[in-house]
Amino acid sequence: MSKNLHEKPFDQATIAKLEIFEDYAQAWIPTFVMYGDPVICIFDFFAGTGYDKNGIPGSPIRILQKLREQIARIFQKKVKVRVFFNEFDLEKYQQLSIACKDFLHEYPELDRAIELKIFNEDFDICFKTLLPEIRDCSSLVYLDQNGIRFLANKYLLELEKTTRTDFLYFVSSSYFWRFGDKEEFQSHVKLDMEEAKKRPYHYIHRSLISQLQKQLPAGSNLKLYPYSLKKGANVHGIIFGASHPRAVDKFLKAAWRRNQVNGEANFDIDKDTQKGQLDIFSGKRLTKIEAFQQRFREKVLDGTITDNFAAFNFALDEAHLGRHAASELKKMKKEGLIDYDAKSPLVTYEKVCKEKRRIKFQITRK
Ligand SMILES: C[S@@+](CC[C@H](N)C(=O)[O-])C[C@H]1O[C@@H](n2cnc3c(N)ncnc32)[C@H](O)[C@@H]1O
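Reading the values: the criteria
Residues numbered from 1 in each chain as written. Predicted model: local features only at pLDDT ≥ 70, side-chain atom pairs only at ≥ 80, totals over all residues. Heavy atoms only, no water. Helix = DSSP H or I, 4+ residues; strand = E, 2+ residues; numbered from the N terminus. Buried < 20%, exposed > 50% of the residue type's maximum accessible area, 1.4 Å probe, protein only. Contact = heavy atoms within 4.5 Å. Lys, Arg positive; Asp, Glu negative; His and termini not counted. Charge placed at Lys NZ, Arg CZ, Asp CG, Glu CD. 1 Å grid on protein atoms, 1.4 Å probe; cavity = no way out; pocket = protein on both sides within 12 Å on 5 of 7 lines; lining within 4 Å. Points joined across faces, edges and corners; volume = space filled by probe spheres on them. Nonpolar A, V, L, I, M, F, W, Y, C, P; charged D, E, K, R; others polar. Domains from an automatic or database assignment. Buried area = accessible area lost by both parts, 1.4 Å probe. Salt bridge = Lys/Arg side-chain N within 4 Å of Asp/Glu carboxyl O. Phe/Tyr/Trp six-rings, centres within 6.5 Å; stacked < 30°, edge-to-face > 60°. Lys NZ or Arg CZ within 6 Å of the ring centre and 35° of its normal. Core = buried A, V, L, I, M, F, W, Y, C linked by side-chain atoms within 4.5 Å.

Undergrad: I'd like a rundown of the overall build of the protein, residues and numbers included.
TA: Each helix and strand in the protein was counted, giving 16 helices and eleven strands. With respect to the principal axes defined by its C-alpha atoms, the protein has extents near 65 × 50 × 40 Å. Burial analysis of the protein (366 residues in total) assigns 52% to the buried set. Counting only contacts in the protein whose residues sit at least 6 apart along the sequence, the fraction spanning at least 24 positions is 71%. Charged side chains in the protein number 60 positive and 50 negative. The centres of these two groups are separated by 5 Å.

Undergrad: Got a sec to walk through the layout of surface pockets? Specific residues and values, please.
TA: In this structure, the second largest pocket spans a volume of roughly 510 Å³. Leu-224, Tyr-225, Asp-317, Glu-318 and Ala-319 are, among the 22 residues lining the second largest pocket, the residues nearest its centre. Within the residue set of the lining of the second largest pocket, elements represented by two or more residues are helix H11 (204-215), strand S6 (223-231), helix H12 (245-258) and helix H13 (288-301). The element that contributes the greatest number of residues to the lining of the second largest pocket is H11, accounting for five residues. For the lining of the second largest pocket, the per-class residue count stands at nine nonpolar, five polar and eight charged. Residues lining the lining of the second largest pocket come from more than one domain, with at least three contributed by each of domain 1 (5-272) and domain 2 (274-363).

Undergrad: Please set out the domain arrangement of the protein residue by residue, giving values where relevant.
TA: Here the domain parsing of the protein yields domain 1 (5-272) and domain 2 (274-363). If you average the C-alpha positions of domain 1 and of domain 2, the two centres end up 31 Å apart. In this complex, domain 1 contributes 18 residues to the contact, which on the side of domain 2 involves 17 residues. Between domain 1 and domain 2 lies a buried interface of about 1,400 Å² when both sides are counted; carbon and sulfur atoms form 57% of it. A per-residue breakdown of the area domain 1 buries against domain 2 is headed by Asp-249, Trp-256 and Asp-272, which together make up 39% of the total. At the boundary of domain 1 and domain 2, one finds three salt bridges. Close ionic contact of Lys-288 with Glu-264 constitutes a salt bridge, the shortest N to O distance being 2.7 Å.

Undergrad: Talk me through the packing of aromatic side chains; I want residue IDs and the actual numbers.
TA: Across all of its chains, the model carries 28 aromatic pairs by this definition. Consider the rings of Phe-179 and Phe-185, whose centres lie 5.8 Å apart with planes at 40°: the pair is tilted. Three or more aromatic residues joined by ring pairs make a cluster, and in this case those are Phe-43, Phe-45, Phe-46, Phe-84, Phe-119, Phe-123, Phe-127, Phe-150 and Tyr-155. We note Arg-246 situated over the ring of Tyr-35; from NZ or CZ to the ring centre the distance is 5.0 Å.

Undergrad: Help me get a handle on the nonpolar core, residues and values and all.
TA: In terms of nonpolar packing, the biggest core is built from 76 residues, with Leu-67 and Phe-251 touching the most fellow members. At ten residues, helix H1 (residues 12-35) tops the list of elements feeding residues into this core. When sequence neighbours within four positions are dropped, the list of residues in contact with Leu-67 reads Ile-29, Ile-42, Ile-74, Val-81, Val-83, Leu-110 and Ile-114. Residues Cys-126, Ala-152, Tyr-155 and Val-189 belong to the second largest nonpolar core, which totals 44 residues.

Undergrad: I'd like a rundown of the pattern of salt bridges, residues and numbers included.
TA: Any two side chains of opposite charge can pair, so long as their charged atoms come close to each other. One pass over the structure, following the stated rule, counts 28 salt bridges. Taking the shortest distance from any N to any O, the salt bridge between Lys-154 and Asp-124 comes out at 3.3 Å. With Lys-154 in helix H7 (residues 153-161) and Asp-124 in helix H6 (residues 123-136), this pair connects stretches of sequence that are 30 residues apart. Judged by its relative accessible area of 53%, Lys-154 falls in the exposed class. Glu-158 is paired through a salt bridge with Lys-161; the nearest N and O atoms lie 3.3 Å apart. Residue Glu-158 and its partner Lys-161 are both found in helix H7; the two are separated by three residues, about one turn of the helix. Residue classification places Glu-158 among the buried positions, given a relative accessible area of 18%.

Undergrad: I'd love a proper account of the environment of Ser-327, names of residues and values included.
TA: Relative to the assigned elements, Ser-327 resides in helix H15 (residues 322-334). According to the relative accessible area criterion, Ser-327 is partly exposed, its value standing at 38%. Remark: the alpha-carbon pair of Ser-327 and Val-347, spanning 20 residues in sequence, is separated by 9.5 Å.

As structure tokens, then:
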């Protein structure tokens, strides 16, 4: 590695990345603490030093902070929370160990509530050691690597095989744009760079994920979602992966909260903010949400989507929120195109996956 990240303050894109990691931990921890599993696990395989140069917390300290917020529930449910941090660089590992020790000393109740292990290993070794734990528990896994190397199939496909793991990978996607054809890159992650380069540069992270998704075994339940992060002239990003709709719903809610225009980047990736004006040749261009709603409307009217279960799944598959579909359904009902026997179409995780309340849509006019 060429430079020591923690010798300088976190930049804005790094903070955005850390906040997404943190938002997801905030949603994940209480869900799994309350769920009733006897043991839950959190892994941060590239943990860094704990804080940046200015004392801004990095991912491991943010995890501890989020756990601290849930202490009462952890004790109440008597759930064993196992936390694993890893940092390869010896000096950073030592700093990390001190930072965690100090944090737990300051909050002794947290020290009693969790079991923390800190490793000083190369990821390859640490991942092999901890894979059985990842497999056996409900796990949240952070892979905040520098570069792209650890996105290799030998790791990603192991995560694919697990059934109760949610993971957040960081990938320096713009490296692919520059070096993706080189053998060294292809030996880690096989990508069709000709295909990726058919789209503009700022879509590189999105393209990377759509190719990875296609490389997963046939019938895989694992869903991958991008969150692109612009850092100066470069575009990097987070890959969120999970196979359960509850996890996907939580991630998408966090992503859309962070960017209410596109839900997938720390910048205006589709130039949606320019789409309000009329184009003299093509009329008004649709924003990402409007384009989704148009596709959704067509699927309802051609009979592909017949109830709120299908509507919810369609929204998640397209990286949209249930409410984007729900507001289109309400509009269609008002226009007299469809009818359903409820005040609201109930396109939410709670109604669909937990309560299993099905609402049928009838087409009244095409
Ligand atoms: C992007 S930084 C992670 C930052 C951290 N998440 C934080 O919030 O501060 C990547 C870290 O991985 C460490 N690292 C580099 N190669 C590694 C390897 N092979 N195994 C484990 N850690 C490694 C680096 O020393 C660096 O601290």
